[in-house]
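Report on the structure
Next come the chains, spelled out residue by residue.
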Amino acid sequence: MTGSTPPALHPEPGDWADGWMDAVAARAEARLAAAGVELTLGGEPTYIPLKPEGPEWSVAADGPTKLTMARALADAIEERAWQGATQLLCPGKVYEGETNPRWALRLLRQADGSALTRWPEVVPGAAAPGTEEGPRLLEALAAALGCRLQPLRFRDPLEPARSAWAILLTHPHPEPGGWSAAPWDLPEPDRLLLPAPGPAGLRLPLQRVPEGVPRQVLTLEIGPDGWQFFLPPLAMAPWLDLLDAIAGLAGGWSRPRLGGVMPFDVGGRWQVLGLTADPGVLEVNLPVCARWRDYAGWLQLLEEAGAAVGLRSWRAGQPWASGTGGGNHLLWGGPSLERNPFFRRPHWLAAILRFWQRHPALSYGFGSASVGPSSQCPRADEGSARWEDLELAQQALLTLPEGDQRVMIGETLRHLQADRSGNTHRSEISLDKFWNPAWTAGCQGLIEFRAIETTPQARWSAAIALLWTALAAHLLDSERAPALEAWGEALHDRMLLPSVLRQDLGDVLERLRADGLALEPGPFDELWDWRCPVLLNWRNEALGAELEIRAALEPWPLICDTPVEGGLTSRFVDSSIRRIEIRANAAGRQHLQLQLNGHPIPLDQPPLAVRYRAERLYPCLHPLLPVHLPLDLELRWPMAGGEATRGRRYRMERPNGPFLDQGALEDPAPALRKPLRPRPGSCCIDLRRAAGVSSS
């Protein structure tokens, strides 16, 4: 007796996920399971083309190439992991100033991995039906549904070679075969699609639908680029019946494209992967993953599928590569609302929030260049809440009795986990999808970690997710969470320096190691070198002196509302300010003399950073202050056996770029300018305070 192999629910990760990563994940997940916790992971990694040309890959949500790239990636995913999946182009969110709703291309299949419908095997080279085939296809569809359809043919003013048929189609009865089609009488001159891009289903004059008839319209389009259906909003059972009927028409032709509204999946019967249009990037919404290994497998698959179609998870730049700019948010939730792991564990959630607040490395170490109060993911203590209110709220969570506390958790936290304008979505740990009845889809029991950027390697992103899973298990004992820290100015001063953040992350990893959840530091060291690259690494073996300069983080200030095209306003940040960290070992602090743009920089107060203005933007803060680039660095050290000194000159020409060797100093005599020091209580020297006013 033989049987077929069931389809895999998730792709398997590569060899890099074997060994210690799998072992740590297994131990953490075993602890969660022993406590009755079913923690799911979701993700939103983002991708761009190898050559991101056009506004849709810089600032705009959509453009001429993005949907084409999304379909190519969807095909590559279907080929590698989800054979026979149904692809559905859905209308997404509507934003002010954008003509059409943003689209979301979704791949759908059953929870057990089987296909929603059986699509006929496509014959290589099969063509799409021509316009003349439209009436015959609709007759066949009517026979399959057991209902007389009454199609109305529309013309496309943007593409005369395209034809579209619209059918008022509903399924008002619960029993099978309960289809109903209503007539739609429109004069011939009015049978014209709206002159806007997008599928016909979004361009119909729905205000002309007869009164009393539901605005549920099935459309068929046939044009030079193929054929497609736009499905009306229906319950799941009739929607699947309609999908089966359409699949039955496809024999001998190329597969039709599908668009429309996806039925609401009440019982979690489907797996869904989404590709969505987001400003500057293509965002991938991963299916819900029950294990870390499932999540890691998806990251590996996307890396391979993206490479096959010309997409990647990082942006080439000068002088260093960076993330895509679209983020890689990680979501925690549960298999269902009834089994959500957070509703009955407010102590656990309070421990998580307190731990993240106490360890800024988790807030700043894995995100984009934009950090701080004006970023897309400010910490709770950078948002609208006062420190005292955060402390009161978390203490209140610790007093809640056992039982389902979703309402009180949501009402306690959602006003505090927000940015300074009160936006609950723009928060480092966002709870706007936890239990927020004020918003559509706001009651999903989800916790979204937004301060995570895409990385050039799936292995690195998987290591971040593994760290999160290990911390979830570690903090099941809420007594392990430290008290909140009143950081004050230190949060945006010393805690944004690479060496301090790396030490903080090291403390986190050491706590996990002591708890039996040892994560190897390798991927995190590699991540740190990418996040905070080395700009200069200088050594003198004779003196034992070392000097290292790294790119540091800088919270960019928000400037006032600025009018933009279309009569709207936008909020800008002044990203012209950058920061570097300068570190010398004990011998370096003793022997080295350092000047930056002619200003002596004492090395006797580690840690030490320098803030400078990298470029002139408009609009910006302080338009009268000059740009400091290039940064000229002069380094001097004593010669053996005497007081004479030697020295070299280095220059940084790009913002946070490498310091390039400019040769030996011609005049080794030290400068006589007054040394620059940080103000009391700070680690950072601000070159803007030493600069004169610029008239250029």
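Residues numbered from 1 in each chain as written. Predicted model: local features only at pLDDT ≥ 70, side-chain atom pairs only at ≥ 80, totals over all residues. Heavy atoms only, no water.

1. Concerning the overall build of the protein
Summing up its helical and strand segments, the protein has 13 helices and 30 strands in all. In terms of overall size, the protein behaves like a compact globule, its C-alpha atoms giving a radius of gyration of 29 Å where 696 residues would be expected to give roughly 26 Å. Based on the C-alpha atoms only, the size of the protein along its principal axes is roughly 100 × 60 × 50 Å. For the protein, with 696 residues in total, the buried portion stands at 52%. Of the roughly 31300 Å² that the protein leaves accessible, carbon and sulfur atoms contribute 53%. The positive charge centre, built from 69 side chains, and the negative charge centre, built from 82, are 4 Å apart in the protein. (Helix = DSSP H or I, 4+ residues; strand = E, 2+ residues; numbered from the N terminus. Rg over C-alpha atoms; globule rule 2.2 N^0.38 Å. Buried < 20%, exposed > 50% of the residue type's maximum accessible area, 1.4 Å probe, protein only. Areas by Shrake-Rupley, 256 points an atom, 1.4 Å probe, with all protein chains shown as cover. Lys, Arg positive; Asp, Glu negative; His and termini not counted. Charge placed at Lys NZ, Arg CZ, Asp CG, Glu CD.)

2. Details of the packing of aromatic side chains
Tallied over the entire structure, the rule returns 19 aromatic pairs. Here the aromatic rings of Trp239 and Trp270 are separated by 5.6 Å at their centres, their planes lie at 50°, and the arrangement is tilted. Taken as a pair, Trp239 in helix 4 (residues 236-249) and Trp270 in strand 11 (residues 270-278) lie far apart in primary sequence, 31 residues in all. The same class applies to Trp239 as to Trp270, namely buried. Ring centres 5.2 Å apart and planes at 40° place the aromatic pair Trp356 and Phe449 in the tilted group. Linking Trp356 in helix 6 (residues 346-358) with Phe449 in strand 18 (residues 447-449), this pair joins segments that are 93 residues apart in sequence. One exposure class covers both Trp356 and Phe449, and it is buried. These aromatic residues form a ring-pair network of at least three members: Trp332, Phe342, Trp348, Phe355, Trp356, Phe366, Phe449, Trp468, Phe524 and Trp528. Across from the ring centre of Trp57, 4.9 Å away, lies the NZ or CZ of Lys66, which sits over that ring. When the ring centre of Trp435 is taken as origin, the NZ or CZ atom of Arg406, which lies over that ring, is 4.8 Å away. (Phe/Tyr/Trp six-rings, centres within 6.5 Å; stacked < 30°, edge-to-face > 60°. Lys NZ or Arg CZ within 6 Å of the ring centre and 35° of its normal.)

3. Some words on the confidence of the model for the protein
When pLDDT is averaged along the protein, the result is 91; 94% of the residues meet or exceed 70. Confidence scores differ between elements of the protein, with strand 22 (residues 568-573) showing the lowest mean pLDDT of 70 and helix 7 (residues 360-364) the highest of 98. Predicted confidence is poor over residues 1-5, with pLDDT under 50, and the contacts of this stretch with residues over four places away or in other chains come to 0 contacts. (pLDDT = per-residue confidence, 0-100. Contact = heavy atoms within 4.5 Å.)

4. Observations concerning the pattern of salt bridges
The full count for this structure, using the stated rule, is 40 salt bridges. Glu448 is paired through a salt bridge with Lys433; the nearest N and O atoms lie 3.9 Å apart. A residue pair is termed long-range when its members are at least 10 positions apart, and Glu448 in strand 18 and Lys433 in the loop between strand 17 (429-430) and strand 18 qualify at 15 residues. Among the ionic pairs, Glu489 bridges to Arg679, the shortest N-O distance being 3.2 Å. Of this pair, Glu489 sits in the loop between helix 10 (458-474) and helix 11 (498-514) while Arg679 sits in the loop between strand 29 (659-664) and strand 30 (684-686), placing them 190 residues apart in sequence. (Salt bridge = Lys/Arg side-chain N within 4 Å of Asp/Glu carboxyl O.)

5. Quick notes on the nonpolar core
One finds Trp332, Trp356, Phe366, Phe449, Leu467, Trp468 and Leu519 to be the most contacted residues of the largest nonpolar core, which totals 108 residues. The dominant element in this core, judged by the number of residues it contributes, is helix 10, at 13 residues. Those residues in contact with Phe449, other than ones at most four positions away along the chain, are His329, Leu330, Trp332, Ile352, Trp356, Glu428, Ile429 and Trp468. Leu137, Ala142, Ile246 and Leu258 belong to the second-largest nonpolar core, a separate cluster that totals 36 residues. (Core = buried A, V, L, I, M, F, W, Y, C linked by side-chain atoms within 4.5 Å.)

6. What to know about the packing of helix 2 (residues 66-80) against helix 5 (residues 292-309)
At their nearest, the axes of helix 2 and helix 5 sit 9 Å apart, and the two run at 125° to each other. Considered as vectors, helix 2 and helix 5 are oriented oblique to each other. The crossing of helix 2 and helix 5 is right-handed. Touching Met69, Ala72, Leu73, Ala76, Ile77 and Arg80 of helix 2 are Trp298, Leu301, Leu302, Glu304, Ala305, Gly306, Ala308 and Val309, all from helix 5. Looking at side-chain class alone, the contact of helix 2 with helix 5 contains 11 nonpolar, 1 polar and 2 charged residues. (Axes fitted to C-alpha atoms, helices over the stretch in contact; angles between N-to-C directions. Parallel < 35°, antiparallel > 145°, perpendicular 65-115°, else oblique. Left-handed = near helix turned anticlockwise from the far one by under 90°. Nonpolar A, V, L, I, M, F, W, Y, C, P; charged D, E, K, R; others polar.)

7. A closer look at the sheet that holds strand 18
On the basis of which strands lie adjacent, the open sheet formed by 4 strands has the order 1-16-18-17 and antiparallel pairing. If you trace the sheet from one side to the other, it starts and ends with strand 1 (40-44) and strand 17, each paired once. Note that strand 16 (residues 329-333) and strand 18 share 3 bridges and pair antiparallel. The residue bridging Trp332 from the neighbouring strand is Ile447, located in strand 18. In the packing of helix 6 onto the sheet, contacts are made with strand 16, strand 17 and strand 18, and the angle to strand 18 comes to roughly 15°. In this fold helix 10 packs onto strand 1, strand 16 and strand 18, with an angle of close to 30° to the strand it touches most, strand 16. (Pairing = 2+ DSSP bridges.)

8. With respect to the environment of Trp439
By the element assignment, Trp439 lies in the loop between strand 17 and strand 18. In this structure, the C-alpha to C-alpha distance between Trp439 and Asp294, residues 145 residues apart in sequence, is 30 Å.

9. Focus on the pairing of strand 2 (residues 46-49)
By the alternation rule, side chains of strand 2 split into Thr46 and Ile48 and Tyr47 and Pro49, which are all buried. Note that strand 2 and strand 12 (residues 281-285) share 2 bridges and pair antiparallel. Across the sheet, residue Thr46 finds its bridge partner in strand 12, namely Glu283. As defined by bridge partners, strand 2 adjoins strand 13 (residues 311-312) across 2 bridges and the pair is classed as antiparallel. The partner of Ile48 across the bridge, within strand 13, is Arg312.

10. Digging into helix 12 (residues 522-531)
In an α-helix, one full turn covers 3.6 residues, which means residues spaced three or four apart are oriented alike. If you check which residues of helix 12 are buried, you get Pro523, Phe524, Leu527, Trp528, Trp530 and Arg531. Burial along helix 12 is one-sided: seen end-on, the buried residues are contained in an arc of 160°. (Arc of directions from axis to C-beta.)

11. Overview of unusual backbone geometry
The omega angle of the peptide bond from Pro606 to Pro607 is -10°, so this bond is cis rather than trans. For Pro607, the position within the fold is in the loop between strand 25 (599-600) and strand 26 (608-613). Looking along the chain, the bond that leaves Leu629 and enters Pro630 is cis, with omega of 0°. One can find Pro630 in the loop between strand 26 and strand 27 (631-638). A positive phi angle is found at His622, which is not glycine, with a value near 55°. Here His622 shows up in the loop between strand 26 and strand 27.

12. What about the side chain of Thr86?
Along the chain, Thr86 falls in strand 3 (residues 86-91). A distance of 3.3 Å separates polar atoms of two side chains, one belonging to Thr86 and the other to Trp119. Those residues in contact with Thr86, other than ones at most four positions away along the chain, are Arg106, Leu107, Leu108, Leu116, Thr117, Trp119, Leu243 and Leu258. (Polar contact = N/O pair within 3.5 Å; in protein donor to acceptor, adjacent residues only side chain to side chain.)

13. Side note on the sheet that holds strand 30
If you walk across this open sheet you meet the 5 strands as 19-20-23-26-30, and the pairing is mixed. What marks the edges here is a single partner per strand, and that holds for strand 19 (534-540) and strand 30. Put simply, the sheet's adjacent strands are angled 20° from each other on average, direction ignored. Relative to strand 20 (residues 545-552), strand 19 runs antiparallel, the two being bridged by 6 bridges. In the sheet register, Leu536 faces strand 20, and the bridge partner there is Ile549.

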